[in-house]
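The primary structure of each chain is shown beneath.
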Amino acid sequence: MTALTLSTAAAPGLRADAIVIGVAKGAQGPVVAPGAEAVDKAYDGKLAGVLETLGASGAEGELTKLPAPAGFKAPLVVAVGLGPAPDAEDEDAGYDAEALRRAAGLAARTLTGSRKAAFALPVDGPGAIGAIGEGVLLGAYSFDAYKGNAQEAANTKAKNGKAPLAEAALLGGKPRDVAHKGAVVRALAVAEELNRARDLINMPPNDLTPAIFAGIAQAAAKEHGIKVQVLDDKALAKGGYGGILGVGGGSAATPRLVKLSYKHPKADKHLAFVGKGITYDSGGISLKPAGHNETMKCDMSGAAAVFAAVVAAARLGLEVNVTGWLALAENMPSGSAVRPGDVLRMYSGKTVEVLNTDAEGRLVLADALWAASQETPDAIVDVATLTGAMMLALGSRTFGVMANDDAFRSAVHEAAEEVGEPAWPMPLPEHLRKGMESQVADLANMGERMGGGLVAGLFLREFVGDGITWAHLDIAGPAFNEGGPFGYTPKGGTGSAVRTLVRLAELTAAGDLG
Ligand code: BES
Ligand code: ZN
Ligand code: ZN
């Protein structure tokens, strides 16, 4: 992981491989963002013109390399686009945290192989420091554990300059300022745990079985003073967790339900996070066709996000109790697999007719939601790569937010936008409930095809305890990036929803949520 330092040093004398500056899109062409004054001065105040000559416009996602001016110890200047310049007339307008996060991420990713970079981006307070820090740590991420001999590969990489950026100095940071230092500590906790969620998502499903995931959660919980309880298949059978058992029944790798309890002695609020943890979704007997199963190791992204968020909350010592539930199972076809037509008796006591074994996420979540409800938390938020329909509706970068409470749905949506996670509110139309009526059971695990993401949300709602505020995040789109990397988002597992969950825990601790 890249080391972050706050630095008051002036850019010219800095010994680094590169100096990162910001360039924004102004009305008359690119403008050099605050923080880069020393660099601009060394270019005789003509840096904006130089950048324009090199083709830079200041657009987001743009990166321009240029030689550092004479007298600089660092050899290279890296100018990253920040998007539209804030309104010069408006004194309060600053650079958006997400623009800084993405620019820093792009720079850190491009600087793979460098030892040290100085980030001279616009800093107007601890918020900007946190955003730049997060961007650097998330952008520098790479997943190489399975490339040849990992140790040998790491050594070769270091030699050939392919190792992640080792050190980032954040200029404009105040090393003795409590708020600035706090922003770095927060960025580290959130980004390290988020990167760990990415590692879990990227791990191949032959190595990340439910039992192994549970073991990883147990070890992390121990390290961070979190109480952990793991129900294995025998305990699940004894407890009557028909949903998790039904889904996991087709796999030789047996299912688990993991409960992580982080408690703060002064907390008076309790949040429960529930994550879908299908370590591989083949579809089961309703087998997915080729073309639809290659990325299905990502189907545990919700559980990875919940796990990361609980650990981050513990590391930050947030004054709130947070319980994380990881519903872990592998959805495989076999002689012991659940069949279309089977009826499962769920943990809540309701019966569900399984019409499509590929709609398995809602079955494992149903049991975990009911288990979470037994503790009557102040609110439950579940996270799941639940439906292809949500991906069709919102694309690959935005998650859908559904809830049984309009104000809570808005609060979750706002928290997501605040931390730079694109999200959008989705309805739970009552008329779609009818489609899930079953001839033989209390309900079926499928309904109308149209609005499939909302149908899944309505199914989950049936398993939330009466009177409990609940929101459901369908992250099927943004959980796994099949395209090229952008900003601080790598290819593969993204860690979607981790930052939203952490923010919700922070807001609850501050008494600003519900
Ligand atoms: N894990 C999938 C949803 C998914 C699709 C996640 C694409 C990420 C990318 C889920 O279990 C599933 O297969 N859902 C079905 C439900 C249907 C059978 C009612 C779907 O969306 O097609
Ligand atoms: Zn499925
Ligand atoms: Zn699934």
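In this text, all values refer to a predicted model and were calculated from it rather than measured experimentally.

**Details of the domain arrangement of the chain**
Then, in step 1: Per the domain assignment, the segments of the chain are domain 1 (3-176) and domain 2 (192-509).
Then, in step 2: Of note, the centres of domain 1 and domain 2, computed from C-alpha atoms alone, are 36 Å apart.
Then, in step 3: Between domain 1 and domain 2, the residue contacts involve 14 residues of the former and 16 residues of the latter.
Then, in step 4: Summed over both sides, the interface between domain 1 and domain 2 buries roughly 1,400 Å², with carbon and sulfur atoms accounting for 59% of that surface.
Then, in step 5: Area buried by domain 1 at its contact with domain 2 is led by Leu-138, Tyr-141 and Tyr-146, which between them contribute 44% of it.
Then, in step 6: Note that Glu-134 is salt-bridged to Arg-499, the shortest N-O span being 3.8 Å.
Then, in step 7: Where domain 1 touches domain 2, the interface holds nine residue pairs in polar contact (both at pLDDT 80 or more).
Then, in step 8: Among the secondary structure elements, those contributing two or more residues to the side of domain 1 that touches domain 2 are helix H3 (97-110) and helix H4 (126-139).

**Here's the deal with the site of ligand 1**
Then, in step 1: Around ligand 1 there are 17 residues in total, and Asp-281, Lys-288, Asp-358, Glu-360 and Gly-388 lie nearest to it.
Then, in step 2: At 2.8 Å, a side-chain N or O of Asp-358 approaches an oxygen atom of ligand 1.
Then, in step 3: Between Glu-360 and ligand 1, the recorded distance is 2.9 Å, taken from a side-chain N or O atom to an oxygen atom.
Then, in step 4: Alone, ligand 1 offers 520 Å² of accessible surface; in the complex the protein occludes 79% of this.
Then, in step 5: With respect to the detected pockets, ligand 1 is housed in the largest pocket.
Then, in step 6: Broken down by secondary-structure element, the contributors of at least two residues to the shell around ligand 1 are strand E10 (270-281) and helix H12 (388-394).
Then, in step 7: Looking at the shell around ligand 1 residue by residue, the class counts come to six nonpolar, four polar and seven charged.

**A look at the UniProt feature "active site" (unreviewed entry) in the chain**
Then, in step 1: On the UniProt side, "active site" (unreviewed entry) is annotated at positions that read Lys-288 and Arg-362 here. Those annotated residues lining the largest pocket are, specifically, Lys-288 and Arg-362.
Then, in step 2: When you line up the elements, Lys-288 lands in the loop between E10 and helix H10 (301-316).
Then, in step 3: Among residues more than four places away in sequence, those in contact with Lys-288 are Asp-281, Ser-282, Gly-283, Asn-293, Met-296 and Asp-358.
Then, in step 4: For Arg-362, a relative accessible area of 8% gives the class buried.
Then, in step 5: Other than its neighbours up to four places away in sequence, Arg-362 contacts Leu-386, Thr-387, Asn-445, Met-446, Val-455, Ala-456, Phe-459 and Leu-460.

**Some thoughts on the coordination of the zinc ion (ligand 2)**
Then, in step 1: Taken together, Asp-281 (OD), Asp-358 (O), Asp-358 (OD) and Glu-360 (OE) make up the protein donors of the zinc ion (ligand 2), found 2.0 to 2.2 Å from the metal.
Then, in step 2: Taken together, the six donor atoms surrounding the zinc ion (ligand 2) define angles of 70 to 169 degrees at the centre, an arrangement classified as irregular.
Then, in step 3: Coordination of the zinc ion (ligand 2) draws on donor residues from a single chain, spaced D-x76-D-x1-E in sequence.
Then, in step 4: A separation of 3.2 Å is found between the zinc ion (ligand 2) and the zinc ion (ligand 3), which are bridged by Asp-281. Separated by 79 residues along the polypeptide, Asp-281 in strand E10 and Glu-360 in the loop between strand E13 (351-353) and helix H11 (361-373) bring together distant segments of the chain. Take Asp-281 and Glu-360: they sit in the same class, and that class is buried.

**Quick look at the sheet that holds strand E11 (residues 321-331)**
Then, in step 1: Spatial strand order, E8-E9-E11-E10-E14-E18-E15-E16: eight strands in an open sheet with mixed pairing. Whereas interior strands pair on both sides, the edge strands pair on one side only; in this sheet they are strand E8 (227-231) and strand E16 (423-425). Averaged over all neighbouring strand pairs, the angle between strand axes comes to 20 degrees, with direction disregarded.
Then, in step 2: With six bridges connecting them, strand E14 (residues 379-384) and strand E18 (residues 469-474) associate as parallel partners. Paired with Val-381 across the two strands is Ala-471, which belongs to E18.
Then, in step 3: On top of the sheet, H11 reaches strand E9 (256-262), E10, E11, E14 and E18; it is set at about 155 degrees to E10, its chief contact.

**A look at helix H14 (residues 452-461)**
Then, in step 1: Burial analysis of H14 places nine of its ten residues in the buried class, the great majority of the element.
Then, in step 2: Every buried residue belonging to H14 is among Gly-452, Gly-453, Leu-454, Val-455, Ala-456, Gly-457, Leu-458, Phe-459 and Leu-460, and all of these are buried.

**Overview of unusual backbone geometry**
Then, in step 1: Although it is not a glycine, Thr-376 sits at a positive phi angle of roughly 35 degrees.
Then, in step 2: Structurally, Thr-376 is set in the loop between H11 and E14.
Then, in step 3: The phi angle at Ala-497 is positive, at roughly 85 degrees, despite the residue not being glycine.
Then, in step 4: As for its position among the elements, Ala-497 is in the loop between strand E20 (492-493) and helix H15 (498-509).

**Considering the packing of aromatic side chains**
For any pair of aromatic rings, geometry is given as the distance between the ring centres together with the angle between the planes.
Then, in step 1: Evaluation of the coordinates by the stated rule reveals four aromatic pairs.
Then, in step 2: With a centroid separation of 6.0 Å and an interplanar angle of 35 degrees, the aromatic rings of Phe-143 and Tyr-146 are classed as tilted.
Then, in step 3: Take Phe-143: its relative accessible area is 23%, and that puts it in the partly exposed class.
Then, in step 4: Where Phe-459 meets Phe-463, the ring centres are 5.2 Å apart and the plane angle is 40 degrees; that geometry is what we call tilted.
Then, in step 5: For the cation-ring pair, Lys-350 lies above Phe-463, with the distance from its terminal atom to the ring centre recorded as 5.7 Å.
Then, in step 6: One cation-aromatic arrangement involves Arg-397 over Phe-486; the distance from NZ or CZ to the ring centre is 3.4 Å.

**Side note on the sheet that holds E13**
Backbone-to-backbone hydrogen bonds pair the strands of a sheet. The strands run either parallel or antiparallel.
Then, in step 1: Judged by pairing direction, the sheet is mixed, and its three strands sit side by side in the order E12-E13-E17 without closing on themselves. Edge positions in the sheet fall to strand E12 (343-345) and strand E17 (443-444), since each has one partner strand and no second.

**Quick look at the pairing of E14**
Then, in step 1: Judged by how many residues are buried, E14 sits mostly within the fold: six of six residues are covered.
Then, in step 2: Residues of E14 alternate between two faces, with Ala-379, Val-381 and Val-383 on one and Ile-380, Asp-382 and Ala-384 on the opposite face, all of them buried.
Then, in step 3: Pairing geometry for E10 and E14, over five bridges, is parallel. Looking at E14, one finds that Phe-273 is bridged to Val-381.

What counts and what doesn't
Along each chain, numbering runs from 1 in the same order as the chain's sequence is written. Whichever chain is written first becomes A and whichever ligand is written first becomes 1, with later ones labelled in order. Under the rules for a predicted model, residues below a pLDDT of 70 receive no local features and side-chain atom pairs below 80 are neither given nor counted, while totals for whole chains, interfaces and linings still include all residues. By convention in this description, side-chain values take in all heavy atoms of the structure and omit both hydrogens and water. Where each domain begins and ends follows an automated or database-derived domain assignment. Residues count as neighbours in contact if any of their non-hydrogen atoms are within 4.5 Å of one another. As used here, buried area is the combined drop in accessible area, with a 1.4 Å probe, of two parts when they are placed together. For this analysis, a salt bridge means a side-chain nitrogen from Lys or Arg found within 4 Å of a carboxyl oxygen belonging to Asp or Glu. Under this definition, polar contacts are N or O atom pairs within 3.5 Å; protein pairs additionally need one hydrogen-donor-capable and one acceptor-capable atom, and for neighbouring residues in sequence, both atoms have to be side-chain atoms. Each helix corresponds to a stretch of at least 4 residues labelled H or I by DSSP, and each strand to a stretch of at least 2 residues labelled E; elements are numbered beginning at the N terminus. Throughout this document, a residue counts as near a molecule or strand when at least one of its heavy atoms sits within 4 Å of that molecule or strand. Accessible surface area values rest on a Shrake-Rupley calculation with a 1.4 Å probe, where residue burial reflects the displayed protein chains alone. Points on a 1 Å grid over protein atoms alone make up a cavity when a 1.4 Å probe fits among them but cannot get out, and a pocket when they form an open set with protein on both sides within 12 Å along at least five of seven lines; lining residues each have an atom within 4 Å of a point. Think of it this way: a molecule belongs to a cavity or pocket when more than half its atoms come within 2 Å of the grid points there. Only Asp, Glu, Lys and Arg are considered charged, only Ala, Val, Leu, Ile, Met, Phe, Trp, Tyr, Cys and Pro nonpolar, and every remaining residue, Gly among them, polar. UniProt positions are given in the numbering used here, feature names are shortened, and annotations may be inferred rather than shown by experiment. Buried, partly exposed and exposed residues are distinguished by accessible area as a fraction of the type maximum, computed with a 1.4 Å probe on protein chains only: under 20%, between the cut-offs, and over 50%, respectively. The rule for donors is simple: an N, O or S atom within 2.8 Å of the metal counts, and for Na, K and Ca the reach is 3.2 Å. Water is not among the atoms, so a site may look short of donors. In these descriptions, tetrahedral denotes four donors with every angle between 85 and 135 degrees, square planar four donors and octahedral six donors with opposite donors over 155 degrees apart and the rest between 65 and 115, and irregular any other case. Here a strand pair is declared whenever DSSP counts at least two bridges between the two strands. A fitted line through C-alpha atoms serves as each axis, taken over the contacting stretch for helices, and the angle formed by two N-to-C directions is quoted from 0 to 180°. Pairs were defined over the aromatic rings of Phe, Tyr and Trp, the Trp ring being its six-membered one, requiring ring centres within 6.5 Å. Orientation was assigned from the angle between planes: stacked under 30 degrees, edge-to-face over 60, tilted for the rest. By the criterion adopted, a ring carries a charge over it if an Arg CZ or a Lys NZ lies within 6 Å of its centre and within 35 degrees of its normal.

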